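In case you want the letters, here they are:
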Amino acid sequence: MSDSVSEFNAYRSKMNDAILADNNKVIKRIFNLDTNAFTEGALDKRTKELLGLVASMVLRCDDCVKYHLESSYKEGLNKEEVVEALSIATLVGGTIVIPHLRKAYEYWDALETQNPTDR
């Protein structure tokens, strides 16, 4: 299952490189804005990642969910914290979010399998 993490990251990196290689000013600015929005500020990075995760779930963007799950994992969030955010996302998004919730659980398990730690 942890191959899914490697495959996602390799594809994301490859395609981001291809997109940015076109040197489109608007796209580069959007990428930059996205990067800067998730830096430390009045809210810490952990909180911002959970906000991004909830928004991604409600918008039903599986790639975005994976990205924010991995970022949350790297920020040291544990499964209980992530599941609580996912529960809010499911409440806000409704039952149509449940298929994305399944995928989120699967991806979190893959992250834990690839990077076992004492969380």
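Here, the structure is the one placed above.
About the criteria used
- Every residue gets a number counted from 1 within its own chain, in the order that chain's sequence is written.
- In view of the model being predicted, local features appear only for residues whose pLDDT reaches at least 70, and side-chain atom pairs are presented and counted only at 80 or more, with totals across whole chains, interfaces and linings using the full set of residues.
- By convention in this description, side-chain values take in all heavy atoms of the structure and omit both hydrogens and water.
- Every helix listed is a DSSP run of H or I at least four residues long, and every strand listed is a run of E at least two residues long, numbered separately from the N terminus.
- Throughout, radius of gyration means the C-alpha value; the globule benchmark is 2.2 Å times the number of residues raised to the power 0.38.
- Buried residues are those whose accessible area, probed at 1.4 Å on protein chains only, stays under 20% of the maximum for their type, while exposed residues exceed 50% and partly exposed ones sit between those limits.
- A contact between two residues is defined here by any heavy atoms of the two lying within 4.5 Å.
- Per-residue and other accessible areas follow the Shrake-Rupley method at a 1.4 Å probe size, with only the shown protein chains counted as cover for residues.
- We count Lys and Arg on the positive side and Asp and Glu on the negative side, and we leave His and both chain ends out.
- In this description, the location of a charge corresponds to atom NZ of lysine, CZ of arginine, CG of aspartate or CD of glutamate.
- Given the number of residues in a helix, its expected span is that number minus one, multiplied by 1.5 Å.
- Any carboxyl oxygen of Asp or Glu within 4 Å of a side-chain nitrogen of Lys or Arg constitutes a salt bridge here.
- To be clear, the arc concerns the directions from the helix axis to the C-beta atoms.

**Focus on the overall build of the protein chain**
- Within the protein chain, the regular secondary structure consists of six helices and zero strands.
- When the elements of the protein chain are put in sequence order from the N terminus, they spell out α-α-α-α-α-α.
- Relative to the globule expectation of 14 Å for 119 residues, the C-alpha radius of gyration of the protein chain, 15 Å, shows essentially globular dimensions.
- Expressed as a percentage of its 119 residues, the buried residues of the protein chain come to 27%.
- In the protein chain, the proportion of contacts linking residues at least 24 apart, taken out of those at least 6 apart, comes to 68%.
- Counting every atom, the protein chain has about 7,600 Å² of accessible surface; 55% of that belongs to carbon and sulfur.
- The protein chain carries 15 positive and 19 negative side-chain charges, and their two centres are separated by 7 Å.

**A short note on the environment of serine 4**
- You can see serine 4 is positioned in helix α1 (residues 3–21).
- Judged by relative accessible area, which is 26%, serine 4 ranks as partly exposed.
- When near neighbours in sequence (up to four residues on either side) are disregarded, serine 4 contacts Tyr107 and Ala110.

**Here we look at helix α6 (residues 98–114)**
- Across its 17 residues, α6 extends 24 Å between first and last C-alpha, which sits within 8% of the 24 Å expected from 1.5 Å per residue.
- Considered for burial, the residues of α6 that qualify are His100, Leu101, Ala104, Tyr107, Trp108, Ala110 and Leu111.
- The inward-facing, buried residues of α6 contact α1, α3 (45–58), α4 (62–74) and α5 (79–93).

**Side note on the environment of glutamate 75**
- Of note, glutamate 75 is situated in the loop between α4 and α5.
- Excluding residues that lie within four positions of it along the chain, glutamate 75 makes contacts with Lys45, Arg46 and Glu49.

**Structural notes on the pattern of salt bridges**
- Taken as a whole and judged by the stated rule, the model has five salt bridges.
- Among the ionic pairs, aspartate 62 bridges to lysine 103, the shortest N-O distance being 3.0 Å. Of this pair, aspartate 62 sits in helix α4 while lysine 103 is found in helix α6, placing the two residues 41 residues apart along the sequence.
- By relative accessible area, which is 21% here, aspartate 62 ends up partly exposed.
- For lysine 103, a relative accessible area of 44% gives the class partly exposed.

**A closer look at α1**
- Its 19 residues place the ends of α1 27 Å apart at the C-alpha level, agreeing with the 27 Å of an ideal helix rising 1.5 Å per residue.
- Those residues of α1 that sit buried are Val5, Phe8 and Asn16. Along α1, the residues classed as buried sweep out an arc of 65° about the axis, all on the same side. Residues Asp3, Glu7, Lys14, Asp17 and Ala21 are exposed on α1 and point more than 90 degrees away from its buried face.
- Looking at the buried side of α1, the elements it contacts are α2 (25–37), α4 and α6.
- The positive-phi residue at the C-terminal boundary of α1 is asparagine 23, with phi of around 60°.

That's the geometry; what it means functionally is another story.
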